[in-house]
Amino acid sequence: MDSGGIAAGAEDVVSFFRECGERGEVALPVVRTGSYGYAFADPLVEVKNAAADPPVLYGLVDKAVAARIVEEHIGQGRLINDHIVASRIRGLALDGPTTAILVKDTSQEDGDKTKFLQASILDELKNRDYGDRIQVVRALDMGIYQEGVVVQLLPSCVTYTNVLSRDIARIVDGCGPSGAVLNDLLHSRPDTQVRIVLRNCGKMDPESLNAAIAHGGYEGLVRAFTDGKPEAVIETIQASGLRGRGGAGFPTGLKWKLTRASEADHRFVICNADEGDPGAFMDRSILEGDPHAVLEGLILAAYAIGADKGFFYIRAEYPLAVKRVELALTQAREHGLLGRDILGSGWNFDAEVRLGAGAFVCGEETALIASIEGRRGSPEPRPPYPSVSGLWGKPTCINNVETLAAVPWIVAHGADAYARYGTGESKGTKVFAVTGKVRNSQLVEVPMGTPVREIIYDICGGMQDNLDLKGVQTGGPSGGIIPESRLDTPVAYESLQALGSIMGSGGMLAMNENDCMVDVVSFYLKFCVDESCGKCAPCRIGGYQMLQLLLKIGRGRGSLEDLEQIERICKTMQCASLCGLGQTAPNPVLSTLRFFKEEYLAYIEGGASYARKRKRALSEGKSLKEAG
Amino acid sequence: MQTATKSPLEDLDTEMRAEIRHCLDKWKEKDGNLIMILHEIQNRHGYVPRGASLFLAQETGVAVARIYEVLTFYHYFRLVPPGKHNLTVCNGTACYLKGSGRVLGELERRLGISEGKTTSDRLFHLETVRCIGYCAMAPAMVVDGKAMGKLTTDDVASVVEKIRKREEGESNGQSRN
Ligand SMILES: Cc1cc2nc3c(=O)[nH]c(=O)nc-3n(C[C@H](O)[C@H](O)[C@H](O)COP(=O)(O)O)c2cc1C
Ligand code: SF4
Ligand code: FES
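So, how was this worked out
- Residues numbered from 1 in each chain as written.
- Chains lettered and ligands numbered in written order.
- Predicted model: local features only at pLDDT ≥ 70, side-chain atom pairs only at ≥ 80, totals over all residues.
- Heavy atoms only, no water.
- Buried < 20%, exposed > 50% of the residue type's maximum accessible area, 1.4 Å probe, protein only.
- Helix = DSSP H or I, 4+ residues; strand = E, 2+ residues; numbered from the N terminus.
- Pairing = 2+ DSSP bridges.
- Axes fitted to C-alpha atoms, helices over the stretch in contact; angles between N-to-C directions.
- Contact = heavy atoms within 4.5 Å.
- Polar contact = N/O pair within 3.5 Å; in protein donor to acceptor, adjacent residues only side chain to side chain.
- Core = buried A, V, L, I, M, F, W, Y, C linked by side-chain atoms within 4.5 Å.
- Domains from an automatic or database assignment.
- Buried area = accessible area lost by both parts, 1.4 Å probe.
- Salt bridge = Lys/Arg side-chain N within 4 Å of Asp/Glu carboxyl O.
- Phe/Tyr/Trp six-rings, centres within 6.5 Å; stacked < 30°, edge-to-face > 60°.
- Lys NZ or Arg CZ within 6 Å of the ring centre and 35° of its normal.
- Patch = residues over 30% accessible without salt bridge, like charges linked within 9 Å, V, L, I, M, F, W, Y side chains within 5 Å.
- Areas by Shrake-Rupley, 256 points an atom, 1.4 Å probe, with all protein chains shown as cover.
- Lys, Arg positive; Asp, Glu negative; His and termini not counted.
- Charge placed at Lys NZ, Arg CZ, Asp CG, Glu CD.

Undergrad: How would you summarise the pairing of strand 6 (residues 149–154) of chain A if you had to cite specific residues and measurements?
TA: Residue and element names in this part refer to chain A. When you tally the buried positions in strand 6, you get six out of six residues, the bulk of the element. Burial along strand 6 is two-sided: Val 149, Val 151 and Leu 153 and Val 150, Gln 152 and Leu 154, pointing in opposite directions, are all buried. In the sheet, strand 4 (residues 100–105) pairs with strand 6 via six bridges, with the strands oriented antiparallel. Of the residues in strand 6, the one forming a bridge with Ile 101 is Leu 153. When strand 6 meets strand 7 (residues 158–160), the two strands line up antiparallel, connected through three bridges. Paired with Gln 152 across the strands is Thr 159, a residue of strand 7.

Undergrad: A description of the sheet that holds strand 13 (residues 442–447) of chain A should follow, citing residues and the corresponding values.
TA: To summarise the sheet geometry, strands pair through backbone hydrogen bonds and adopt either a parallel or an antiparallel arrangement. Residue and element names in this part refer to chain A. On the basis of which strands lie adjacent, the open sheet formed by five strands has the order 13-12-16-14-15 and mixed pairing. Taken across any chain shown, the strands that pair with only one partner, and hence form the sheet edges, are strand 13 and strand 15 (480–483). Neighbour-to-neighbour, the strand axes of the sheet open up by a mean angle of 30°, direction not taken into account. By the bridge criterion, four bridges tie strand 12 (residues 429–436) to strand 16 (residues 507–512) in an arrangement that is parallel. The residue of strand 16 that forms the bridge with Thr 435 is Leu 509. Where helix 10 (residues 282–289) meets the sheet, it contacts strand 12, strand 13 and strand 16, and its direction lies at approximately 115° from that of strand 12. Along the sheet, helix 16 (residues 452–459) makes contact with strand 12, strand 13, strand 14 (469–474), strand 15 and strand 16, crossing strand 13 at roughly 135°.

Undergrad: An account of the environment of A:Tyr418 is requested, with residue identities and associated values reported.
TA: All names here are of chain A. Tracing the chain through its elements places Tyr 418 in helix 15 (residues 415–419). The class for Tyr 418 is buried, based on a relative accessible area of 0%. Here the alpha-carbon distance between Tyr 418 and Val 529, two residues 111 residues apart in the chain, equals 39 Å. Residues in contact with Tyr 418, not counting those within four places in the same chain, are Ile 196, Ser 240, Leu 242, Arg 245, Ala 406, Trp 409, Ile 410, Lys 427, Gly 428 and Thr 429. A polar contact is formed between the side chain of Tyr 418 and the side chain of Arg 245, at a distance of 2.8 Å.

Undergrad: Break down the nonpolar core for me, with residues and values.
TA: Residues and elements named next belong to chain A. One finds Trp 256, Phe 312, Phe 349, Ile 456 and Ile 566 to be the most contacted residues of the largest nonpolar core, which totals 184 residues. Element by element, the count of residues in this core is highest for helix 11 (residues 291–305), at ten residues. Not counting the four nearest positions on each side in its chain, Phe 312 is found in contact with Cys 271, Val 294, Leu 295, Leu 298, Val 325, Leu 329, Glu 352, Val 353 and Arg 354. Val 26, Val 56, Ala 86 and Leu 154 belong to the second largest nonpolar core, which has 28 residues in total.

Undergrad: Account for the domain arrangement of chain A, with residues named and values stated.
TA: Residues and elements named next belong to chain A. As far as domains go, chain A holds domain 1 (1–80), domain 2 (209–419), domain 3 (429–512) and domain 4 (517–619). Here the C-alpha centre of domain 3 lies 31 Å away from the C-alpha centre of domain 1. At the interface, four residues of domain 1 touch four residues of domain 3. Here domain 1 and domain 3 share an interface that buries about 340 Å² over both sides, 59% of which is from carbon and sulfur atoms. Summed over the shared surface of domain 1 and domain 3, the result is zero salt bridges. Run the count over domain 1 and domain 3 and you get two residue pairs in polar contact (both at pLDDT 80 or more).

Undergrad: I'd like a description of the packing of aromatic side chains, backed by residues and values.
TA: The tally for this structure, following the rule as stated, stands at 18 aromatic pairs over all chains. For the pair B:Tyr74 and B:Phe77, a centre-to-centre distance of 6.4 Å together with 90° between the ring planes defines the contact as edge-to-face. B:Phe77 shares its class with B:Tyr74; the two are buried. A network of ring pairs unites the aromatic residues A:Phe225, A:Tyr303, A:Trp347 and A:Phe349 as a single cluster. Just above the ring of A:Tyr493 sits the side chain of A:Arg243; from NZ or CZ to the centre is 4.1 Å.

Undergrad: I'd love a proper account of a positive patch on the surface, names of residues and values included.
TA: Residues and elements named next belong to chain A. A cluster of basic residues, Arg 555, Arg 557, Arg 612, Lys 613 and Arg 616, forms a positive patch at the surface. By the secondary structure assignment, Lys 613 is in helix 23 (residues 597–619). Classification of Lys 613 by relative accessible area gives partly exposed; the value is 30%.

Undergrad: With reference to specific residues and values, describe the sheet that holds strand 6 of chain A.
TA: Strand order in the open sheet made by the seven strands is 1-2-3-5-4-6-7 (chain A), with mixed pairing throughout. For this open sheet the edge positions go to strand 1 (45–47) and strand 7 of chain A, each flanked by a neighbour on one side alone.

Printed below as a string of structure tokens:
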């Protein structure tokens with residue numbers, strides 16, 4: 001459970017299980033974990049009855065479902081309908097008798113078909129006298145979409161797609177002792193997702209150091225110490241091709257090298273956990289799900305650059321992340337992973353938490369430094385870069401949460417293991433928080449180079465309510481919008497930039513045919529205007545004036561000259577703003593002017609009556625046509 | 001200039017003074033502690049009272065203007081006490097796209113206040129926040145620390161009315177005693 005899960009009622013469910021445990025109704029240990037990423041099904045509960053049984057993941061668990069889990073699943077070994085989130089493992093062989101069959105109709109018009117298939121399979125099983133040995137259960141989600149009825153056999157996880165009534169007999173045949181896999185129905189494509197950063201999220205208790213260690217935590221650190229010099233860590237990270245996940249994508253190894261090269265008596269490392277993109281929650285989920293991984297990354301960064309002090313700069317709006325990081329720090333200190341002479345290496349390092357206070361611009365490096373120093377967060381001109389003169393004038397290395405979480409894995413498994421994933425310029429994996437009008441909003445981690453289309457359709461189940469996708473926004477207020485026609489673009493720094501968007505920190509927002517680009521762009525720009533620190537004129541005045549023009553267009557009072565003026569302001573802001581906020585604020589505007597100009601023109605040509613109609617449609621969540 | 005009213009500093013009770021001194025002790029070894037101290041004060045009181053800032057300035061020698069510079073720069077800090085019930089509507093991108101505007105509009109109409117304001121009876125405080133990590137259940141809001149998702153305008157109306165009813169019940173109960 002993470003904050004999302006808690007918001008969805010996970011606390012109640014945990015205390016319910018605990019109470020059952022105290023009353024002796026449940027003999028299993030109850031463990032809290034971070035989020036596995038399936039936000040659409042929060043809160044989630046994984047049940048592992050006996051060592052030999054495969055774990056079963058239940059979604060949308062409230063108290064009533066929890067009670068059924070205790071009584072039916074734990075008590076009688078019966079699986080519960082409509083709540084199971086099926087395993088993403090795609091089994092290829094039947095290694096033993098089947099004990100349960102999951103069914104789910106994965107086409108959008110999901111109605112009685114699932115129930116019908118369930119009943120048919122049950123009948124067929126009864127005919128063969130398998131009825132009491134094999135359960136047939138309706139699943140909540142299969143991780144496969146638009147593939148008709150999907151059936152998964154447990155425990156083998158052999159998965160069949162597009163199953164028709166006439167296939168049932170064959171499937172049931174295969175459940176017998178000498179059953180064979182039906183190759184024509186088999187879904188053998190492995191899951192697109194690769195979990196490196198999210199390796200432990202949702203799988204262990206994030207508040208336990210022992211759990212972290214049992215899941216490979218601090219192996220990287222031990223490795224770094226035994227392999228020798230800090231420079232070796234830098235070399236590994238450089239060879240892995242890891243680039244910053246906070247937005248700018250600067251090569252991490254190079255940043256460390258530069259910081260190490262700056263002569264100084266003290267150096268600092270900072271974990272940037274200010275996650276400013278409104279509507280993105282990757283960093284929070286990582287901090288809440290596996291805080292020790294991020295801490296280990298920070299310690300490794302500090303060791304590599306020769307820092308003696310580190311900070312976690314976390315948004316105050318993330319109290320659970322703050323709590324779990326503070327706990328991780330205390331545990332690490334108690335076990336000699338922080339403090340003096342870490343693990344007998346003779347090297348000293350400690351870290352502490354500093355809170356942000358609700359200013360987006362504080363995610364920018366120099367503003368973040370000002371904020372840790374206790375001042376208002378105004379950016380400073382660079383150079384000097386923080387790697388030369390940062391916190392209190394000392395060389396400082398700032399890295400994003402996700403960047404740091406990848407570091408221990410790379411050090412433990414080697415640069416090649418990481419660089420195996422990805423494209424030429426973008427190595428490894430990237431976590432995205434997919435939200436908006438998709439069917440299943442969730443956290444995904446995919447190798448760089450995965451097409452956006454695959455993320456939206458294959459992993460997140462496509463669009464909600466069968467509406468058409470219009471565009472996908474990446475990079476939040478600093479990013480752009482990828483139109484449907486470019487959906488096969490692979491996610492990588494270079495390809496997204498070529499489209500006028502950015503990778504950003506990992507927010508990915510899907511918009512459907514009813515959404516209005518002018519409206520969304522005004523929303524993003526308003527955000528930037530609100531968050532502008534006001535230090536430099538291009539951003540402070542340019543942003544404000546551009547917003548006025550956009551709003552004017554949105555009222556149906558705009559002209560073609562206004563569009564030209566907007567483009568001019570965009571150019572000025574890009575060139576002349578002091579920090580990244582002002583430089584990138586025009587991105588959503590420019591990208592929509594490039595791909596969705598007709599929507600601006602519709603407002604200009606349609607005038608006030610069109611604008612009113614559009615507004616009504618938007619406020620009712622309807623299409624322009626439906627709103628009349 | 002003569003003022004009839006006492007300065008907020010004189011109003012500050014000894015308990016708060018002790019609290020702030022304690023906080024200063026805890027943080028005095030650390031550089032750049034001002035924001036963390038302000039966080040602690042707000043955590044305790046729900047806002048940063050003017051008296052607390054003045055006292056902090058007096059104790060640390062930091063100019064009041066500098067404390068206020070920080071307080072007003074960061075959205076998180078409040079200078080006025082919150083209401084008895086706090087409604088925080090998420091206005092992050094995912095929620096915006098899914099109709100947080102409708103939710104906020106309904107609340108503003110029902111409470112007769114705009115975002116960032118408290119009702120005159122101090123019963124409700126309405127504000128917006130950017131993403132509470134509940135995007136999958138957008139549009140979302142937090143009511144007195146408890147999150148709710150997939151909101152409709154009917155849902156929020158009933159939340160407000162329920163709180164109102166409960167409060168009326170309580171005050172009636174009290175007046176009968
Ligand atoms: C306005 C603005 C906001 C930013 N917000 C964040 C943020 O919330 N989190 C983050 O990690 N980086 C953010 N960045 C990027 C950081 O300045 C910096 O590039 C990053 O933390 C470096 O870490 P990385 O190399 O690991 O990506 C922001 C940059 C700008 C200009
Ligand atoms: S670009 Fe905007 S946020 Fe950045 S320094 Fe200038 S005014 Fe401040
Ligand atoms: S955008 Fe509202 S919860 Fe994330």
